[in-house]
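# Notes for the structure review
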Amino acid sequence: MSDEQDLAQQKKEAAAKAKAAALARRQSKESVTVEREGNMNVAKQKAAAAAKAKAVALARRQSKESVTGEPEGNMDVAKQKAAAAAKAKAAALARKQSKESGIEESEGNMDVAKQKAAAAAKAKAAALARKKELVSKEEDPEKAKAKAIAAAKAKAAAAAKTRARVEGSTEVHTPDEPSPNQSILDQIVQAIERSLGQGALTDYYINNLSKDVPTLVAKPDTYFQIAKILRYDEQLNFHYLSELHGTDFETHMEIYVHLYSFNTNHSAALKVKLDRDSPVVPSLVPLWSGANWPECEAYDLLGILFQGHPDLKRILLGEDWIGYPLRKDYQPYDVEV
């Protein structure tokens with residue numbers, strides 16, 4: 001009995017020890033697990049904090065790059081711009097200094113120029129004073145007045161002679177000084193006389209009242225031939241007709257033609273006197289097409305007939321109009337018109 005009780009007591013103690021050992025192992029395992037779980041939470045928190053810090057740093061970097069542009073690629077461009085700005089500033093400074101030195105130099109020249117202008121003004125004033133003194137000593141007032149009257153009369157007489165010649169007078173007016181176009185007139189006359197003889201022109205002269213235009217007066221039967229020479233002569237070549245008109249002088253009709261040469265830049269005038277009762281003259285349209293309408297106008301208003309005109313007609317008045325309004329003796333058929 002005692003042996004069996006001892007064995008049971010031993011088994012019971014062994015079981016208690018085993019249970020205690022198992023409980024100790026379990027507690028030890030649970031503490032390790034708890035410790036590990038705590039460490040895991042700490043690690044997760046650290047990782048999360050590191051990720052947030054990294055995101056914030058990246059955001060700041062991107063914001064900075066958006067303001068300043070490409071951080072590395074544009075550094076060279078920025079350096080170049082800075083260098084160019086420095087060069088421009090240096091060049092501007094150099095120009096400013098050069099300009100200031102030029103201004104100083106120009107101011108010096110201005111002083112010299114002012115001195116020269118003042119000297120010239122003094123010289124001019126002295127010359128004017130001498131001239132006045134000379135005039136005052138030259139003659140008495142009566143002689144000066146008589147001389148002025150004589151000069152005015154001479155000038156008026158010369159103008160009257162010129163007007164008389166332009167209107168058909170045979171009186172020759174010789175100007176005090178030769179006209180600059182005299183050589184042109186001589187050249188034209190020589191060309192005409194060389195082709196048609198000396199009797200082809202009734203007169204020729206320099207029209208002093210019309211910019212010294214060389215003027216030729218043709219006969220009705222040589223009018224067209226002279227115009228042809230003026231048009232086709234290689235040295236003359238008056239290929240532009242700028243004007244053609246007729247005039248009633250009561251004693252006769254007259255055609256006036258103004259010509260121009262673009263090759264020589266010279267002008268010339270051709271005139272012809274016609275019988276007032278039957279004014280007939282060859283047309284110049286075959287030589288200058290620009291004579292077409294001016295000849296129609298002279299026919300319409302003066303009744304001058306142009307032989308050989310391709311379409312001579314009234315262009316201002318009707319074909320049934322009676323009379324020619326630019327004739328000096330024109331009387332309206334219908335006084336109410």
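About the cut-offs
- Residues numbered from 1 in each chain as written.
- Predicted model: local features only at pLDDT ≥ 70, side-chain atom pairs only at ≥ 80, totals over all residues.
- Heavy atoms only, no water.
- Helix = DSSP H or I, 4+ residues; strand = E, 2+ residues; numbered from the N terminus.
- Buried < 20%, exposed > 50% of the residue type's maximum accessible area, 1.4 Å probe, protein only.
- Contact = heavy atoms within 4.5 Å.
- Areas by Shrake-Rupley, 256 points an atom, 1.4 Å probe, with all protein chains shown as cover.
- Salt bridge = Lys/Arg side-chain N within 4 Å of Asp/Glu carboxyl O.
- Expected span 1.5 Å × (residues − 1).
- Arc of directions from axis to C-beta.
- Pairing = 2+ DSSP bridges.
- pLDDT = per-residue confidence, 0-100.

Along the chain, the regular secondary structure elements total 6 helices and 7 strands. Across the chain, helices and strands are ordered from the amino to the carboxyl terminus as α-α-α-α-β-β-α-β-β-β-β-α-β. The 337 residues of the chain split such that 22% are buried. Here the contacts in the chain between residues at least 6 apart in sequence split such that 51% fall between residues at least 24 apart. In the form shown here, the chain has an accessible surface area of approximately 24,300 Å², with 55% of it arising from carbon and sulfur atoms.

Looking now at the environment of leucine 216. On the secondary structure map, leucine 216 appears in strand S2 (residues 213–218). A sequence separation of 53 residues divides leucine 216 from alanine 269, and the C-alpha atoms of the two residues are 6.1 Å apart. Excluding anything up to four places from it in sequence, leucine 216 contacts Leu185, Ile188, Val189, Ile192, Leu201, Asp203, Tyr204, Leu230, Ala269, Leu270 and Lys271.

Summed over all chains, the structure comprises 5 salt bridges. Between arginine 276 and aspartate 248 there is a salt bridge, and its shortest N-O distance comes to 2.8 Å. Note that arginine 276 is positioned in the loop between strand S5 (266–274) and strand S6 (280–282) and aspartate 248 in strand S3 (residues 240–248), a separation of 28 residues in sequence. Accessibility assignment for this pair places arginine 276 and aspartate 248 in one class, buried.

This paragraph deals with helix H4 (residues 182–196). Relative to the 21 Å expected for 15 residues at 1.5 Å per residue, H4 spans 21 Å between its end C-alpha atoms, a close match to the ideal helical length. Here H4 has its buried residues at Ile184, Leu185, Ile188, Val189, Ala191 and Ile192. The buried side chains of H4 occupy one side of the element, clustering within an arc of 160° when seen end-on. Facing away from the buried surface of H4 by more than 90 degrees, the exposed residues are Ser183 and Arg194. Turning to H4, the residues buried within the fold contact strand S1 (201–207), S2, helix H5 (223–232) and S5. Taken from the residues just after H4, glycine 197 is the one with a positive phi, measuring 95°.

Time to look at the pairing of S2. Where burial is concerned, most of S2 is hidden: 6 out of the 6 residues are buried. The hairpin formed by S1 and S2 contains 5 residues between the paired strands, and lysine 211 there has a positive phi angle of roughly 60°. In the sheet, S2 pairs with S5 via 4 bridges, with the strands oriented parallel. Considered in S5, the bridge of threonine 215 is made with alanine 269.

On average, residues of the chain carry a pLDDT of 80, and 72% of them reach 70 or more. Every residue in residues 169–173 is under pLDDT 50, and counting partners more than four places away or in other chains gives 10 contacts.

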